[in-house]
Amino acid sequence: MGLTIGVDIGGTKIAAGVVDEEGTILETYKVPTPPTADGVTDAICAAVSEVSSSHTIEAVGIGAAGYVDDKRATVLFAPNINWRHEPLKDKVEQRIGMPVVVENDANCAAWGEYRFGAGQGHDDVICITLGTGLGGGIIIGNKLRRGRFGVAAEFGHIRVVPDGLLCGCGSQGCWEQYASGRALVRYAKQRANATPENAAVLLSLGDGTADGIEGKHISEAARAGDLVAIDAFRELARWAGAGLADLASLFDPSAFIVGGGVSDEGDLVLDPIRKSFKRWLVGGAWRPHAQVLAAQLGGKAGLVGAADLARQG
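Residues numbered from 1 in each chain as written. Predicted model: local features only at pLDDT ≥ 70, side-chain atom pairs only at ≥ 80, totals over all residues. Heavy atoms only, no water.

Some words on the environment of His289
- Assignment of secondary structure puts His289 in the loop between α8 (267-280) and β13 (291-294).
- Between the alpha carbons of His289 and Ser254 there is a distance of 7.6 Å; along the sequence they are 35 residues apart.
- With sequence-adjacent residues up to four places away left out, His289 is seen in contact with Lys278, Leu281 and Gly284.
- Looking at His289, its side chain comes within polar contact range of the main-chain oxygen of Gly284, at 2.6 Å. (Helix = DSSP H or I, 4+ residues; strand = E, 2+ residues; numbered from the N terminus. Contact = heavy atoms within 4.5 Å. Polar contact = N/O pair within 3.5 Å; in protein donor to acceptor, adjacent residues only side chain to side chain.)

Section: the sheet that holds β13
- With mixed pairing, the 5 strands of this open sheet are ordered in space as β11-β10-β9-β12-β13. The open sheet is flanked by β11 (143-144) and β13, the only strands paired with a single partner.
- Pairing between strand β9 (residues 125-130) and strand β12 (residues 255-259): 5 bridges, direction parallel. When the sheet's bridge partners are listed, Val125 is paired in β12 with Ala255.
- Seen against the sheet, helix α3 (residues 105-116) touches β9, β10 (134-140), β11 and β12 and runs at an angle of roughly 50° to β10. (Pairing = 2+ DSSP bridges. Axes fitted to C-alpha atoms, helices over the stretch in contact; angles between N-to-C directions.)

Some thoughts on the sheet that holds strand β4 (residues 57-64)
- Pairing is mixed across the open sheet formed by 5 strands, whose spatial order is β3-β2-β1-β4-β8. Since the sheet does not close on itself, it has two edges, and those belong to β3 (25-32) and β8 (100-104), each with one partner. Strand-to-strand twist of the sheet, defined as the mean angle between neighbouring strand axes without regard to direction, takes the value 20°.
- Bridge analysis of β4 against β8 gives 5 bridges, and the strand direction is parallel. Bridge pairing links Gly63 to Glu103 in β8.
- Against the sheet, α3 engages β4 and β8, with an angle of about 100° to β8.

In structure tokens:
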């Protein structure tokens, strides 16, 4: 199959891109994400129409945040869009006249990294995305593993602390409450309140108070040597690495790929994640260790992965 289009539905924008068989994006088009479910469908079709006007396109892949059914056609539930059993594949296909595949956005990003990014050369890869929440994807035996009903790899909602912090999903103690961008900000605020003398740089980047701390401030302060910011990253990494150790017991991959906005800090966060993973890996002194790798495609992974999954059919 030749050229395909990948669509990445974000909270603020919808991006569509023409992608070739090597994972190269040839053309992109972005539109703001509308506030209504029907508006999102309209925007997807408009973006696809725009980028396909000067190319011969074979199929379209759509990455959607939420639960997608086993037929990769219906969005069963989307947390940020009012989609409940939304027949997105059929709706878009009828309007654009091309085959459409719908997939969970984290699965798309995982597949993109596996095919064209950090996962190249590996047959068995587990991906996690450390963003606002925590998502993931499973590739075992060179295949994306979606589970019987299509909703596997919701790693962020594995309960790691019984009766722990309340999660947006309604449960308590979910992994993403301890290893995510939101968790990082919470750690920094707590520590800055407790020991403001160790957070001078961090506090100076906001409004001078712990409540004014944002994720971008933590990154900048940590690079400048701020003790509280560095410790916040270490706490996030402790939870992330321990979770990867548990996933190793389940899947035994050759590599973990860590993506998402938090991972953009590179070794500042990846080195302590690797140390935590080694610390908590059961039988770690006697068994092979999976590599913990930084994602390579950044924000393009979901779009590229969606396009390639459309090519796979």
